[in-house]
Amino acid sequence: MTVYFIGAGPGDPELITVKGQKLINNCPVILYAGSLVPRALFADVEETAEQIIDTAPIALDEIIEHIRVADAAGKDVARVHSGDPSLYGAIGEQIRRLEQLDIDYQVIPGVTATAASAAWLRKELTLSGVSQTIIFTRYEGKTPFPERERLPALAASGATLAIHLGVTKIAKIVDELIPFYGEDCPVAVCYRTSWPDQDKVIGTLKDIVEKVRAKKFTLTALILVGHVLGTQKFDDSYLYDKDQPHIYRPPVK
């Protein structure tokens, strides 16, 4: 018996990996985060899966008990999380319990909200000469942050930022970023990327607060910040430069 932590992607049922969908279709027990994972992922097994359980309204102990019962019966479990399980997926605490119970598990990666949002915006988040680094973070709330991970410390790098779980604090975020990025820095706030009701606003640190408030975004929104979102002043990469030979493109003699 194995528990498969499966990244379901950002919302579009077609943005799950082939491997993830195959495992879902083959597992008799499915536990999924119903607040963020579309039920459409289970369309092929609605009538055949033994259990499809929404874990949004239940706590960790009950989730682990469902897994323990499945383990005793020798039934594989698809534990389905939104996006990629390694990012804000709360799988660490589940894995710790499974290891204590000596229950086997695997982690299947998924498409992140950041990747899907960049695709929707038709942007590359790493442009030569502008930014070569992306920082995934969240705004400080109930989870305590060490000083080195607070937003001003991260902003000092000038890297492209992908800020989760912070849209209700957008005004504070802007105040902390302007000293490092400037008022004219582009910002995109993507709400429920790839879902049927997806929406977004694009602006700068100077006007994004007003635009977000007009949209009334309060949950499930990703904030992307960085000059890569709005500049045409970047260098061509060396990858396809005819004057830069490499192992796959030897120098022309």
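Along each chain, numbering runs from 1 in the same order as the chain's sequence is written. With the structure being a predicted model, the display of local features is reserved for residues of pLDDT at least 70 and the display and counting of side-chain atom pairs for 80 or more, all residues being used for whole-chain, interface and lining totals. With hydrogens and water set aside, each side-chain value is computed from the structure's full complement of heavy atoms.

If you check an unreviewed UniProt entry, the chain appears there as Precorrin-4 C(11)-methyltransferase from Moritella yayanosii. UniProt positions are given in the numbering used here, feature names are shortened, and annotations may be inferred rather than shown by experiment. Here the chain is described in UniProt, under the heading Sequence similarities (unreviewed entry), as follows: "Belongs to the precorrin methyltransferase family." Reading the Pathway (unreviewed entry) entry of the UniProt record for the chain gives the comment "Cofactor biosynthesis; adenosylcobalamin biosynthesis."

Enquirer: What is the right way to read the overall build of the chain from this model?
Expert: A helix here means a DSSP run of H or I that spans at least four residues, while a strand means a run of E at least two residues long, and both kinds are numbered starting from the N terminus. Secondary structure assignment for the chain yields seven helices and ten strands. Its C-alpha atoms give the chain principal-axis dimensions of about 60 × 55 × 35 Å. By residue count, 42% of the 253 residues in the chain fall in the buried class. Here, two residues are considered to be in contact whenever any of their heavy atoms come within 4.5 Å of each other. In the chain, once contacts between residues fewer than 6 apart in sequence are set aside, the share between residues at least 24 apart is 67%. Total accessible area on the chain is roughly 14,100 Å²; 51% of this is exposed by carbon and sulfur atoms. Positive and negative side-chain charges of the chain, numbering 27 and 33 respectively, have mean locations separated by a distance of 5 Å. Working definition: with a 1.4 Å probe on protein chains only, accessible area under 20% of the residue-type maximum means buried, over 50% means exposed, and in between means partly exposed. In these tables, accessible area is a Shrake-Rupley quantity obtained with a 1.4 Å probe, and a residue counts as shielded only by the protein chains included in the view. In this tally, Asp and Glu contribute negative charge and Lys and Arg positive charge; neither His nor the terminal groups of the chain are included. Every charge is mapped onto a representative atom, which is NZ of Lys, CZ of Arg, CG of Asp or CD of Glu.

Enquirer: Looking at this model, I keep getting lost on the nonpolar core. Mind explaining?
Expert: Most often, soluble globular proteins keep nonpolar side chains buried together rather than apart. By nonpolar core is meant a set of buried Ala, Val, Leu, Ile, Met, Phe, Trp, Tyr and Cys residues that side-chain atoms within 4.5 Å join together. Core analysis: the biggest nonpolar cluster contains 26 residues, and Leu177, Val189 and Ile208 have the highest contact counts within it. Tallying contributions element by element places helix α6 (residues 170-181) first for this core, with five residues. Those residues within four positions of Val189 in sequence are excluded, and the remaining contacts are Val167, Asp199, Lys200, Val201, Ile208, Val212, Phe217, Ala221, Leu222 and Ile223. Listed in part, the 19 residues of the second largest apolar core include Ala33, Val37, Leu41 and Ile52.

Enquirer: Teacher, can you tell me more about the sheet that holds strand β10 (residues 221-225) here?
Expert: The pairing of strands in a sheet comes from backbone hydrogen bonds and takes either a parallel or an antiparallel form. Pairing is mixed across the open sheet formed by five strands, whose spatial order is β6-β7-β10-β8-β9. Only two strands of the sheet have a single partner each, and these edge strands are β6 (134-138) and β9 (199-204). Recorded for the sheet is a direction-independent mean angle of 15° between the axes of neighbouring strands. If DSSP finds at least two bridges between two strands, the strands pair. As judged from the five bridges shared by strand β8 (residues 186-191) and β10, these two strands associate in the antiparallel manner. Residue pairing for β10: Ala188 is matched across the bridge by Leu224. Taken strand by strand, helix α4 (residues 113-121) contacts β6, β7 (160-164), β8, β9 and β10, and its axis lies near 65° from that of β10. Lines fitted to C-alpha atoms define the axes here, with helix axes fitted over just the stretch in contact, and angles between the N-to-C directions of these axes take values from 0 to 180 degrees. Set on the sheet, α6 makes contact with β7 and β10; between it and β7 the angle comes to about 165°.

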